Amino acid sequence: MGGFEILEVLVEKVGENKNGFNRLEQKIGKDPEAMRYIAVGGFEILEVLVGKVGENKNVRNRLESKTVSGIETSGFLFVHKQSPVIYYVYMVQLITMSKRKDLKTMAYGLKMIEALHNEDLEGAHALLDQAIENDSDEEHFDLAEQLLQLGFLDEAEALYGTLLINYPGEGELLVALAEISVDRDDEDTALAYLEQVHPEDENYPRALLVLADLYQSQGLFEVTEQKLQEAKDMLPEEPIIDFALAEHYNQMGRFSNAINHYNAVSEAGIDEISGVLMHQRLAECYSSGGAFEEAIRHYEEALEQRANTDTLFGLAFTAYQAHKMVRAIEAFNQLKELDPNYTSLYPYLAKAYEHENRLVEAFTVIKEGTVLDNFNKELYYEGGKLALKLDDEKAAEKYLRETLVLDPHFMEAALTLNKLFLKQEDYPAVIDLSGWMEQENEEIDPQLDWDMALAHKELEEYDKAGKAFEKALTRYQDNPLFLKDYGYFMREEGNVKRALELWNKYLGYEPEDDEIIQEVSYLNERE
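Residues numbered from 1 in each chain as written. Predicted model: local features only at pLDDT ≥ 70, side-chain atom pairs only at ≥ 80, totals over all residues. Heavy atoms only, no water.

From N to C terminus, the protein includes 29 helices and six strands. Relative to its 527 residues, the protein shows a buried fraction of 50%. Pairs at least 24 residues apart make up 50% of the contacts formed inside the protein by residues separated by at least 6 positions. For the protein, the exposed area adds up to about 25800 Å²; of that, 47% sits on carbon and sulfur atoms. (Helix = DSSP H or I, 4+ residues; strand = E, 2+ residues; numbered from the N terminus. Buried < 20%, exposed > 50% of the residue type's maximum accessible area, 1.4 Å probe, protein only. Contact = heavy atoms within 4.5 Å. Areas by Shrake-Rupley, 256 points an atom, 1.4 Å probe, with all protein chains shown as cover.)

And the structure:
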């Protein structure tokens, strides 16, 4: 914050914005032009700042550095935008500027922000030159901070760079410049800045968090954990660092560790950080770890705090995984009513209905889903299987063919369709589909070769049938049913020796098959 005036505005709103957890709500005031937006982790932070205003204001009307919730500040609660860090205050000084009428008394930097607010980019650039030449270092810092938040990276970098010349080694400046480099994907420069932050600097924990983000983006997960743990050792009670560790462990699939740190954040009285609800993260971790009952409880808690389509889908899908189909159907339908275009819900809602043997409702869901998302292969595949259960073979073929148009590599859809063709004794269709799949894929399921062999056999194309059988044998030499089928084909072809070989191997798997025992006995007698 650039001045005491902003604190005064906030203080006026404290009473009406404290919630039941003694925390400020996100919106402070209702004036959209003032851009009064704050996202702080706790009301006590504001109390600390306000309580220290008189004794800590310096000659430049700014707060001196004070420890707030374990982290040193310099009048700014300011952290890396991409880091999972809270206590992030975004307050543009338009709050106070909007009350000033005499622009001549304002610093050039404030005039520049006013120009940007009025979308006067040309005027803003002219004022930037004036600000660099005439404003104080303090005003340069305030302006750089605001420009950074507004996305003017080049201008903010120029101001921070100038300040760093005057204040070499200043950690706050080094971290700010590192963040700008991160935004530009210039990781080497960011690291160079961060490595200059001294461990005794009050901004060192913040630098460690930014470093952790960088190393994680590079896939250096062990180093990421080391940096986060170092920050944790320095500030063991800091919820921000617990959250950063939790997010790291969650990404790594170490759900038990993640749960411990998310719980630590919750136990500190913080329910939400940077838009992330702790209950939602806990639900996701418990669900990923297979603890579905606990996950459902946390999803329901998260939904009470804030209605969210992703959270509702998580609840519904977790209930589906836990085989609580009635609860899953209820949640999926709530989601469908809230956002019909959330197309991921349709296949699972259909499966949940199918599990409850509500096949007509399941098929209706599929039809609704394909209208909204005609590129969802899973929807068409589920529709094909449901149509088969409803004895609608025409619809089944339509849905399964559409599935393969969307994904020619979808083997399960091809196998299901071939099974339908075999049932219908449409042997040319079996051969066409199997051949097409062979052309579209480097390797196909051997079941398609087996299907082709059976189809050629029925069409009395015995040479082709034999080749297809032999091709399938390379993958099905230990499949009892295949050995039995191939044995019958060899016997019909008059190749008694080959038939005996196949059936004797089959009997090794099914020694009590009386039918094949008799066939083998008969062939042995003829031999």
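Read on, since the account is not over.
The end-to-end C-alpha separation of helix α29 (residues 514–526) is 18 Å, in line with the 18 Å expected for 13 residues at 1.5 Å each. Summarising the contacts, the buried residues of α29 are in contact with α27 (480–492) and α28 (496–509). The distance from a side-chain oxygen at the start of α29 to the backbone nitrogen of Glu515 is 3.2 Å, and the residue carrying that oxygen is Asp513. (Expected span 1.5 Å × (residues − 1). Polar contact = N/O pair within 3.5 Å; in protein donor to acceptor, adjacent residues only side chain to side chain.)

This next bit is on helix α17 (residues 309–321). Taking 1.5 Å of rise per residue, the 13 residues of α17 would be expected to cover 18 Å, and the 18 Å separating its terminal C-alpha atoms lies within 8% of that figure. Residues of α17 that are buried include every one of Thr311, Leu312, Phe313, Gly314, Leu315, Ala316, Thr318, Ala319 and Tyr320, and no others. For α17, the secondary structure elements touched by its buried residues are α15 (278–288), α16 (292–305), α18 (325–338) and α19 (345–355). N-capping of α17 is provided by Asn308, with a side-chain oxygen placed 2.8 Å from the backbone N of Asp310. Of the residues flanking the end of α17, it is His323, one or two places downstream, whose phi is positive at about 60°.

You can see Gln280 is positioned in helix α15. Taking the relative accessible area as the measure of exposure, Gln280 reaches 11% and is therefore buried. With sequence-adjacent residues up to four places away left out, Gln280 is seen in contact with Ala302 and Thr311.

On inspection of all chains with the given rule, the structure shows 29 salt bridges. Across the pair Glu438 and Lys471 runs a salt bridge, and its minimum N-O distance is 2.0 Å. On the criterion of sequence distance, the pair formed by Glu438 in helix α24 (residues 427–440) and Lys471 in helix α26 (residues 462–476) is long-range, its members being 33 residues apart. The exposure class of Glu438 is partly exposed, given its relative accessible area of 33%. Put simply, Asp154, Glu157 and Arg184 are held in one network by salt bridges that share partners. (Salt bridge = Lys/Arg side-chain N within 4 Å of Asp/Glu carboxyl O.)

It is worth spelling out unusual backbone geometry at this point. A positive phi angle, near 60°, is found at His323, a position not held by glycine. On the secondary structure map, His323 appears in the loop between α17 and α18. We classify His323 as exposed; its relative accessible area is 59%. Although it is not a glycine, Glu425 sits at a positive phi angle of roughly 60°. With respect to the helices and strands, the residue Glu425 is situated in the loop between α23 (411–423) and α24. Taking the relative accessible area as the measure of exposure, Glu425 reaches 55% and is therefore exposed.

This part takes up the packing of helix α8 (residues 153–166) against helix α9 (residues 171–183). Viewed as axis vectors pointing N to C, α8 and α9 meet at an angle of 150°, and their least axial separation amounts to 10 Å. When the interaxial angle is binned, α8 and α9 end up roughly antiparallel. As α8 packs across α9, the resulting crossing turns out to be left-handed. Note on element contacts: α9 touches α8 through Leu173, Leu174, Ala176, Leu177, Ile180 and Asp183, opposite Leu153, Ala156, Glu157, Tyr160, Gly161, Leu163 and Leu164. Looking at the contact of α8 with α9 residue by residue, the class counts come to ten nonpolar, one polar and two charged. (Axes fitted to C-alpha atoms, helices over the stretch in contact; angles between N-to-C directions. Parallel < 35°, antiparallel > 145°, perpendicular 65-115°, else oblique. Left-handed = near helix turned anticlockwise from the far one by under 90°. Nonpolar A, V, L, I, M, F, W, Y, C, P; charged D, E, K, R; others polar.)

A word on the nonpolar core. With 142 residues, the main nonpolar core has Leu147 and Tyr160 as its most contacted residues. At nine residues, the largest contribution of residues to this core is made by helix α11 (residues 204–217). Dropping the residues within four chain positions of it, Leu147 is found in contact with Met112, Ile113, Leu116, Leu128, Phe152, Glu155, Ala156 and Leu159. (Core = buried A, V, L, I, M, F, W, Y, C linked by side-chain atoms within 4.5 Å.)

A word on the confidence of the model for the protein. For the protein, the average pLDDT comes to 80, and 80% of its residues sit at 70 or higher. Ignoring residues within four places in sequence, the model shows residues 1–105, a span with pLDDT below 50, making 220 contacts including any to other chains. (pLDDT = per-residue confidence, 0-100.)

Quick look at the environment of Tyr249 now. Turning to its location among the elements, Tyr249 is positioned in helix α13 (residues 239–251). With relative accessibility at 4%, the residue Tyr249 sits in the buried group. The spacing of Tyr249 and Asn260 is eleven residues in sequence and 9.9 Å in space, taken between C-alpha atoms. Each residue touching Tyr249, except ones within four places of it in the same chain, is listed here: Glu225, Arg254, Asn257, Ala258 and His261.

Looking now at the packing of aromatic side chains. Taken as a whole, this structure holds 21 aromatic pairs when the rule is applied. Look at Phe313 and Phe317: their rings are 6.0 Å apart centre to centre, the planes differ by 5°, and that puts the pair in the stacked class. Of this pair, Phe313 and Phe317 both sit in helix α17, four residues apart, which is roughly one turn of that helix. Owing to a relative accessible area of 16%, Phe313 belongs among the buried residues under this scheme. Among the aromatic side chains, those forming a connected cluster through ring pairs are Phe313, Phe317, Tyr320, Phe332, Tyr342 and Tyr348. (Phe/Tyr/Trp six-rings, centres within 6.5 Å; stacked < 30°, edge-to-face > 60°.)

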